[in-house]
Amino acid sequence: MKIATWNINGVKARIENLCIWLKESDPDVVCLQEIKSVDENFPREAIEALGYHVETHGQKGFNGVAILSKATPEEVMRGLPGDDTDEHARFMEAVFSTENGVVRIVSLYLPNGNPIDTPKFPYKLSWMERLNAFAADRLALEEPLVLAGDFNVIPEPVDCYSPAAWAGDALFQPESRNAFRRLENLGFTDSIRAVDDRTGVYTFWDYQAGAWPKDNGIRIDHLMLSPEAANRLKSAGIEKHVRGWERPSDHVPVFVHLDI
DNA sequence: ATGACTAGCGTGGCTAGA
């Protein structure tokens, strides 16, 4: 099973690229973030025509996540538990039944958190607390679980081109990195780092200041695997070339192959 | 010049992203 995550930065602006990529990459499940669309306006027909089931969790203007899948999910849950007042559409979970058992897949768009001297940063940290509580709860099921999405966390200095440039940024604060590490300490595996320890492994390049041609990137899109999923990890990769397409997202697709 | 951003909302220039 090939599972991919992609912060698409506006699904309506990117529908052509999305369809080209679906045909080229042929994933079984796709977790999208920043669809920037309400559910009613999601361009589902073009995606369904390629053989995908579409589940969305959108809102007006910004945020929004979706899960596209060749198989129809058994269950879909929208919203990260732990705060009924949180209106942001940043989290959904789908459960799939396969010949080899159940697979649970989350599409998440973790808050950016900038600037760090505003309420946006504590919102990010509290969201990460809720995510860790959710993850700990799900681990008790002892199922293959993939937490896939834009985590907006640079885990280590090696995950960015210029650590000094990110020192004051919410994506690279010790608190953000610690919360990400706690997810690993629960038993989740960072799938890209499980297969690739090189430098210069990025998933995002800013639109500004020639970041892409200079390869000035960061690694913030992750697929975190529960022990049961990690035990079935066959490969993982980043589809970097997609950043070079016409009208690209600033993020590229990241994927795992699980032996499921 | 020293690579001067993009999408959505909604029609001018803001919010939000990272």
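Keep in mind that this is a model prediction, so the values were computed, not measured.

Caption draft 1: Quick peek at the protein's contact with DNA strand B. Lining the immediate surroundings of DNA strand B are 28 residues, of which Glu 34, Tyr 109, Asn 112, Asn 152 and Ile 218 lie closest. Counted by atom, the contact set of DNA strand B within 4 Å of the protein is 76% sugar and phosphate. Between DNA strand B and Glu 34, the relevant distance is 3.0 Å, taken from a phosphate oxygen to a side-chain nitrogen or oxygen of the residue. Within the side chain of His 251, a nitrogen or oxygen atom sits 3.3 Å from a phosphate oxygen of DNA strand B. Grouping the constituent residues of the surface near DNA strand B by class yields 9 nonpolar, 9 polar and 10 charged.

Caption draft 2: Seen up close, the sheet that holds strand 8 (residues 145-150). Reading across the sheet, the 6 strands line up as 5-6-7-8-12-9 and stay open at both edges, with mixed pairing between neighbours. Edge positions in the sheet fall to strand 5 (75-78) and strand 9 (189-190), since each of these pairs with one other strand and no more. Taken together, the 2 bridges between strand 9 and strand 12 (residues 221-225) define a ladder with antiparallel strand orientation. Each residue of the ladder has a partner; that of Thr 189, found in strand 12, is Leu 225. The strands touched by helix 4 (residues 174-186) are strand 8, strand 9 and strand 12; relative to strand 12, the strand with the most contacts, the crossing angle is about 25°.

Caption draft 3: Spotlight on the UniProt feature "site: Interaction with DNA substrate" (unreviewed entry) in chain A. Taking the UniProt record as the reference, the feature "site: Interaction with DNA substrate" (unreviewed entry) is found at His 251. Among the secondary structure elements, His 251 is positioned in the loop between strand 13 (233-238) and strand 14 (254-258). Relative accessible area serves as the criterion here: at 4%, His 251 is assigned to the buried category. Those residues in contact with His 251 that sit more than four places away from it in its chain are Trp 6, Asn 7, Asp 150, Thr 203, Phe 204, Ile 220 and Asp 221.

Caption draft 4: Representation of the UniProt feature "domain: Endonuclease/exonuclease/phosphatase" (unreviewed entry) in chain A in the model. Residues annotated in UniProt with the feature "domain: Endonuclease/exonuclease/phosphatase" (unreviewed entry) correspond here to residues 4-251. A helix fraction of 23% and a strand fraction of 25% characterise residues 4-251, whose end C-alpha atoms lie 13 Å from each other.

Caption draft 5: Structural view of the pairing of strand 8. Of all 6 residues in strand 8, 6 are buried, a share of seventy percent or more. The sheet contact formed by strand 7 (residues 101-109) and strand 8 spans 6 bridges and is parallel. When the sheet's bridge partners are listed, Ile 105 is paired in strand 8 with Val 146. In this region the chain leaves strand 7, passes through helix 3 (residues 120-139) and returns to the parallel neighbour strand 8; the handedness of that crossover is right-handed. Bridge analysis of strand 8 against strand 12 gives 5 bridges, and the strand direction is antiparallel. In the strand pairing of strand 12, Asp 150 is matched with Asp 221.

Caption draft 6: Layout of helix 1 (residues 15-25). Among all positions in helix 1, only Asn 17, Leu 18, Cys 19, Trp 21, Leu 22 and Ser 25 are buried. As for helix 1, its buried residues are in contact with strand 1 (2-7), strand 2 (29-33), helix 2 (44-48) and strand 4 (65-69). Asp 26 lies just past helix 1 and shows a positive phi near 55°.

Caption draft 7: Layout of the nonpolar core. With 24 residues, the main nonpolar core has Ile 3, Val 29, Ile 67, Ile 105, Val 146, Leu 223 and Leu 258 as its most contacted residues. For this core, the secondary structure elements donating two or more residues are strand 2, strand 4, strand 6 (91-98), strand 7, strand 8, strand 12 and strand 14. Contact partners of Ile 67, with chain neighbours within four places excluded, come to Val 29, Val 30, Cys 31, His 53, Val 54, Glu 55, Met 92, Glu 93, Ala 94, Phe 96, Ile 105 and Ser 107.

Rules used in this analysis
Residues numbered from 1 in each chain as written. Chains lettered and ligands numbered in written order. Predicted model: local features only at pLDDT ≥ 70, side-chain atom pairs only at ≥ 80, totals over all residues. Heavy atoms only, no water. Near = heavy atom within 4 Å. Polar contact = N/O pair within 3.5 Å; in protein donor to acceptor, adjacent residues only side chain to side chain. Nonpolar A, V, L, I, M, F, W, Y, C, P; charged D, E, K, R; others polar. Pairing = 2+ DSSP bridges. Helix = DSSP H or I, 4+ residues; strand = E, 2+ residues; numbered from the N terminus. Contact = heavy atoms within 4.5 Å. Axes fitted to C-alpha atoms, helices over the stretch in contact; angles between N-to-C directions. UniProt positions renumbered as here; feature names shortened; annotations may be inferred. Buried < 20%, exposed > 50% of the residue type's maximum accessible area, 1.4 Å probe, protein only. Right-handed = clockwise from strand over helix to strand, strands pointing away. Core = buried A, V, L, I, M, F, W, Y, C linked by side-chain atoms within 4.5 Å.

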